[in-house]
Amino acid sequence: GDSVTQTEGLVTLTKGLPVMLNCTYQTTYSPFLFWYVQHLNEAPKLLLKSSTDNKRTEHQGFYATLHKSSSSFHLQKSSVQLSDSALYFCALRPSNYNVLYFGSGTKLTVEP
Amino acid sequence: EAAVTQSPRNKVAVTGGKVTLSCNQTNNHNNMYWYRQDTGHGLRLIHYSYGAGSTEKGDIPDGYKASRPSQENFSLILELATPSQTSVYFCASGDAKGNTLYFGAGTRLSVL
């Protein structure tokens, strides 16, 4: 079936360091991939999205590239800030379905 | 910006009681969704709707019913609440393609 896997539950980094949050997916249909971010006590919000193979998409300093060959859509940032501390969800929408499947989430904590 | 409003924001219920969570959207989106969020599980889809009068089962529908009486309103109903339904519930609306979801602020439900 359709699914999303995020391997890191918790990531703790020092401000200014780079980060990569892993996301892999499984579907037999053309994939639409998303990253949502949820700050403490807030609703999840869309961070970025892509359906184009091998094209980098960027927003607010974060970037990700959909690689269909490896079924991956990892989220990266070159220099994390304290305000990046949040819960990050990867999500998949198979092309045949108007529903998003979410991964289990990665909690990113950025320390001074 | 798109607006999704959930009520109540917090709810304490007794085991065996009936609970209704309400969601209203002013985005004129056809699609609406109910997710629950639990640590380690991410966001899991309970029910969704493609328009007024329609409801569909998501991945974890057992113990929940849904109602979509109008384009704007989508309710989640727990007929016989159980402690295992203690969670944070998010409602979301999405465009016809289901690509971008707009989430409400969430309802924290405790079933004692």
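See the structure printed just above.
Residues numbered from 1 in each chain as written. Chains lettered and ligands numbered in written order. Predicted model: local features only at pLDDT ≥ 70, side-chain atom pairs only at ≥ 80, totals over all residues. Heavy atoms only, no water.

*Asks:* Pulling in residues and values, what's your account of the pattern of salt bridges?
*Replies:* Tallying each qualifying case throughout the model produces 5 salt bridges over all chains. One salt bridge in this structure joins Glu58(A) and Arg56(A), with 3.0 Å as the shortest N-O distance. Accessibility expressed as a relative area gives 53% for Glu58(A), which makes it exposed. Its salt-bridge partner being Arg44(B), residue Asp38(B) comes within 2.9 Å of it at the nearest N-O pair. On the basis of relative accessible area, Asp38(B) is assigned to the buried category, the value being 15%. A relative accessible area of 24% places Arg44(B) in the partly exposed class. Residues joined by salt bridges that share partners form a network here, namely Arg36(B), Asp38(B) and Arg44(B). (Salt bridge = Lys/Arg side-chain N within 4 Å of Asp/Glu carboxyl O. Buried < 20%, exposed > 50% of the residue type's maximum accessible area, 1.4 Å probe, protein only.)

*Asks:* Can you break down the sheet that holds strand S8 (residues 75-78) of chain B residue by residue, with the values?
*Replies:* Residues and elements named next belong to chain B. Strand order in the open sheet formed by 4 strands is S1-S3-S8-S7, and the pairing between neighbours is antiparallel. Pairing within the sheet leaves two strands with one partner each, and these edge strands are strand S1 (4-7) and strand S7 (65-67). For this sheet, the mean inter-axis angle between neighbouring strands, taken without regard to orientation, is 20 degrees. Taken together, the 3 bridges between S7 and S8 define a ladder with antiparallel strand orientation. Bridged to Ser67 within S8 is Ser75. (Pairing = 2+ DSSP bridges. Helix = DSSP H or I, 4+ residues; strand = E, 2+ residues; numbered from the N terminus. Axes fitted to C-alpha atoms, helices over the stretch in contact; angles between N-to-C directions.)

*Asks:* Describe the interface of chain B and chain A, listing the residues and the values that go with them.
*Replies:* Facing the 22 residues of chain B at the interface are 20 residues of chain A. A buried area of about 1600 Å², summed over both sides, lies between chain B and chain A, and 51% of it is on carbon and sulfur atoms. Three residues, Leu43(B), Asn99(B) and Phe103(B), lead the burial of chain B against chain A; their summed loss comes to 29% of the area buried on that side. Our count for the chain B to chain A interface comes out at 0 salt bridges. Counting across the chain B and chain A interface gives 6 residue pairs in polar contact (both at pLDDT 80 or more). (Contact = heavy atoms within 4.5 Å. Buried area = accessible area lost by both parts, 1.4 Å probe. Polar contact = N/O pair within 3.5 Å; in protein donor to acceptor, adjacent residues only side chain to side chain.)

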